[in-house]
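Letter by letter, the chains look like this.
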Amino acid sequence: METMTKPNLVPDFGAEDSGRKLAIICSKGNLDMAYPGLILANAALGEGVETMLFFTFWGFDMITKSRMNDLQFSPAGNTAMHLPGHDMHIPQAMMPAPGMTSVATHMLKKQIAELDVPEVPDFLDQIVAAGGHLWACRMSADMNKLSMNDLRDDVEGIISASDFIEMTEGAQLLFI
Amino acid sequence: MPVIEIAGRQISVNEEGFLTNFDEWDVDVATELAKQIEIPMTEERWKIINFLRDDFKVQGETATSRRVQTVGGVPVKEQFALFPKKPAKKMAYIAGLPKPKGCV
């Protein structure tokens, strides 16, 4: 055993303001594809990284009040899909069967809840509480004929792609 | 494993400086650890540290920020205010516990 003399070994919690920024573009509205961006945003915020999320195309559903509680997961077209905890695949031909999406959605929600991971709206609450910024895509709003009133109250604005690029100068960027 | 001296005692830590022995921790040690990362201990902060210690005893792992909110009753926003920038890691450090393993 070695004994350290002073100064004591103290974990490096980073500089007060490292200036690191992360921008995440959420473009998918499937339940399974909503999570990667949220998990990474949450992790980044917990590491003191300034984080901005931009919701566009189908990802717009994640922040739309009338849709955000009803994101779905379909195994159709997903050849990696297998029964939870098994290696066995379900034949793709069975995937479009009536009720399959609702069964798969229910199953995925249950698995996520078992890990104490929140549902999407609740997760976004946590991300905002941790200092994350939510922005909505102008073109998606126009296409869906939606305004700020239709979106979560903590969305900071509906902005154009160039606005987003401008405000994320120097940030690392993820497109999901 | 390195050994450091805190509050007049020899304490085992890992290569990053997190305590490795649950029982080597006490209030004096925690106060010193907090001081080293420039966090003055207050009643609100003790509440979280005590929750983490109690929860670890039962769960065998360090609570994440999420769990400190849902089970410990301290909102994430408040955790960020009390332990700025990296609340989960700072809370674990002061509580003498390993870094939380969970992603959320």
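Residues numbered from 1 in each chain as written. Chains lettered and ligands numbered in written order. Predicted model: local features only at pLDDT ≥ 70, side-chain atom pairs only at ≥ 80, totals over all residues.

**Q** Give a description of helix α2 (residues 43-59) of chain B that names residues and reports values.
**A** All names here are of chain B. Here α2 is 17 residues long and its end C-alpha atoms lie 24 Å apart, about the 24 Å a rise of 1.5 Å per residue gives. The inward-facing, buried residues of α2 abut α1 (27-36), α3 (65-70), α4 (76-82) and α5 (87-94). At the C-terminal side of α2, Gly60 shows a positive phi close to 80°. (Helix = DSSP H or I, 4+ residues; strand = E, 2+ residues; numbered from the N terminus. Expected span 1.5 Å × (residues − 1). Contact = placed C-beta atoms within 7 Å.)

**Q** So what's going on with the domain arrangement of chain B? Residues and values would help.
**A** Residue and element names in this part refer to chain B. Domain parsing of chain B yields domain 1 (3-36) and domain 2 (43-94). The straight-line distance from the C-alpha centre of domain 1 to that of domain 2 is 18 Å. Each partner contributes to the interface: domain 1 provides 4 residues, whereas domain 2 provides 4 residues. Across the side of domain 1 that touches domain 2, the residue classes tally to 4 nonpolar, no polar and no charged. (Domains from an automatic or database assignment. Nonpolar A, V, L, I, M, F, W, Y, C, P; charged D, E, K, R; others polar.)

**Q** Can you explain the pairing of strand β4 (residues 155-159) of chain A? Please cite residues and give values.
**A** Residues and elements named next belong to chain A. Relative to β4, strand β3 (residues 133-137) runs parallel, the two being bridged by 3 bridges. Opposite Ala136, over in β4, you have Ile158 as the bridge partner. Taking the sense of rotation as the criterion, the β-α-β connection linking β3, helix α4 (residues 138-144) and β4 turns out right-handed. (Pairing = 2+ DSSP bridges. Right-handed = clockwise from strand over helix to strand, strands pointing away.)

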